[in-house]
Amino acid sequence: MMRKQTNTLLSALAFAFASALVSVPSMLVATEAVAQEQKASEKKTRRVPTLRGKVYEQLARAQSAADDAGNVEEAIAILKEVEDKSSSMNAYEKAMMYNFFGFIYYNNEDYAKALESFAKVVEQQPIPEKFEMTTLFSLAQLNLMQGNYDETITYLERWESLNAGPIPVKNKVIKAQAYYQNKQYEQASTWISEAVADHEAEGMIPDEGWLILQRAIFYELKQPEKVKDVLIKMVKLFDEPKYWIQLAGMYGELGEERKQLAIMETAYQRGFVETSADIFNMAQLYYYHRVPYKGAKLMEQAMSEGVLEKNLRNLKFLGQSWSLAKEQDKAIPVMMQAAELSEDGELDAQLAQILLNEERFDDAIAAADRAVEKGELRNPGLVYLIKGMALYNKKQYALALNQLAEAEKHQKSRAMAQQWKQFVQGEKRQADAIAQELGAS
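Fair warning: this is a prediction, and the values are worked out from it, not measured in the lab. (Residues numbered from 1 in each chain as written. Predicted model: local features only at pLDDT ≥ 70, side-chain atom pairs only at ≥ 80, totals over all residues. Heavy atoms only, no water.)

1. Examining the overall build of the protein
Logical step 1: Assigned secondary structure in the protein consists of 22 helices and zero strands.
Logical step 2: When the 441 residues of the protein are sorted by exposure, 46% land in the buried category.
Logical step 3: Counting contacts in the protein only where the partners sit at least 6 residues apart, residues at least 24 apart contribute 56% of the total.
Logical step 4: About 22600 Å² of surface is accessible on the protein, with carbon and sulfur atoms providing 48% of the total. (Helix = DSSP H or I, 4+ residues; strand = E, 2+ residues; numbered from the N terminus. Buried < 20%, exposed > 50% of the residue type's maximum accessible area, 1.4 Å probe, protein only. Contact = heavy atoms within 4.5 Å. Areas by Shrake-Rupley, 256 points an atom, 1.4 Å probe, with all protein chains shown as cover.)

In structure tokens:
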């Protein structure tokens, strides 16, 4: 296990969700003079016993063993020798001893014992107020890192009870994080909003992690307008592709589809629409806003570049987009590819309809037959109706009437099938009469 330098080991505690790094001041006292200076600075608020040189020497030995020799076991053994004599030690000396224990355990990644040791530091009274506050703050961060969110809040509140001035922004962020992880979203919202507002009031840009946390909290509170506002801020401050895409999604959730499309088009022009999911979503927006040609071109290009897979969903939607754009020559081959991948006959039925409209009657009949063979149709009578109309156009009236009779059996297609049946019967009678007349002559 790599040895960390004790006097910097708490400088990189991170928030698990928000990635808002908050440095923790070192709690080690490098020399007795510094310790005494710290004590002296607190004389106005509390009287603190002296850290005697003999105790300090033993603590310094433990630190030397841990830092210089890298021997954690020896360092702990030295501290335990000191602890055995703790009955003769004053509160400040005990606090410093447990402080050393905590750092050494933390170095050794034994976080449970580190937390236990640091907690014992603040149990000793009286100790220098700044020392107590520093330890309380570190305890809050360590407990947050370990998932002890109630303890995090408790230690922060203890810190606040000793603090004479306003609550610092970093404390508010940690408290917001703890409440968020504890699913207490209202409290989390209050603290993170105060932190962001305080920072902005000083003319400073909020940390990106803070805004990520604020966005997540508003999302959990089902406050999409506030989520949108945070994302607008993130787009302006950080200009990250993911924030543009997320902002477009929020406009969609709010029912502001035109703004959603405008944001997505801007993101696309800037090269931010890159994933298959984003490309498909953008194509859907074009389809919804009745500009399917743009969506189809977008999908076609993405498929040619290998970004978008030529699977059933994508081919089906591409074919529908070309069809809505009245580009049937492009829609038909794509729909054929999609139909080949489909296990039911629904796409073959749609394809049969398009082919009928394009007067490709043989192809329409073939597609209708495949649809019937595959089955699982939402409107099976429609397929027989299409086939009957195609056969009628091929002047195969008897076969057409057979198909229309099948269509007549289904409620959804019955009325139209009966109309077409009457029409085809009339055409058949007229054709038969003409044929008879010609034959007689």
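2. With respect to the side chain of E408
Logical step 1: Relative to the elements of secondary structure, E408 occurs in helix α21 (residues 397-408).
Logical step 2: In terms of polar contacts, E408 uses its side chain to reach the side chain of Q418, at 3.2 Å. (Polar contact = N/O pair within 3.5 Å; in protein donor to acceptor, adjacent residues only side chain to side chain.)

3. Some thoughts on the packing of helix α5 (residues 111-123) against helix α6 (residues 129-145)
Logical step 1: At their nearest, the axes of α5 and α6 sit 9 Å apart, and the two run at 155° to each other. Classed by the angle they form, the pair α5 and α6 counts as roughly antiparallel. The crossing of α5 and α6 is left-handed. Touching Y111, L115, F118, A119, V121 and V122 of α5 are F131, E132, T135, L136, L139, L142, N143 and M145, all from α6.
Logical step 2: Each residue belonging to the contact of α5 with α6 can be placed in one class, and the counts come to eleven nonpolar, two polar and one charged. (Axes fitted to C-alpha atoms, helices over the stretch in contact; angles between N-to-C directions. Parallel < 35°, antiparallel > 145°, perpendicular 65-115°, else oblique. Left-handed = near helix turned anticlockwise from the far one by under 90°. Nonpolar A, V, L, I, M, F, W, Y, C, P; charged D, E, K, R; others polar.)

4. Looking at the environment of Y251
Logical step 1: Assignment of secondary structure puts Y251 in helix α12 (residues 241-253).
Logical step 2: When the C-alpha atoms of Y251 and E225 are compared, they prove to be 8.9 Å apart, with 26 residues separating the residues in sequence.
Logical step 3: Apart from residues lying up to four places away in sequence, Y251 is in contact with K228, I232, E256, E257, K259, Q260 and I263.

5. What about the pattern of salt bridges?
Logical step 1: Here the structure, examined in full by the defined rule, presents 21 salt bridges.
Logical step 2: Taking the shortest distance from any N to any O, the salt bridge between E225 and K228 comes out at 2.9 Å. Of this pair, E225 and K228 both sit in helix α11 (residues 224-238), three residues apart, roughly one helical turn.
Logical step 3: In this structure K228 comes out as buried when scored by relative accessible area, which is 11%.
Logical step 4: A single salt-bridge network, built from bridges that share partners, covers K172, E194 and D198. (Salt bridge = Lys/Arg side-chain N within 4 Å of Asp/Glu carboxyl O.)

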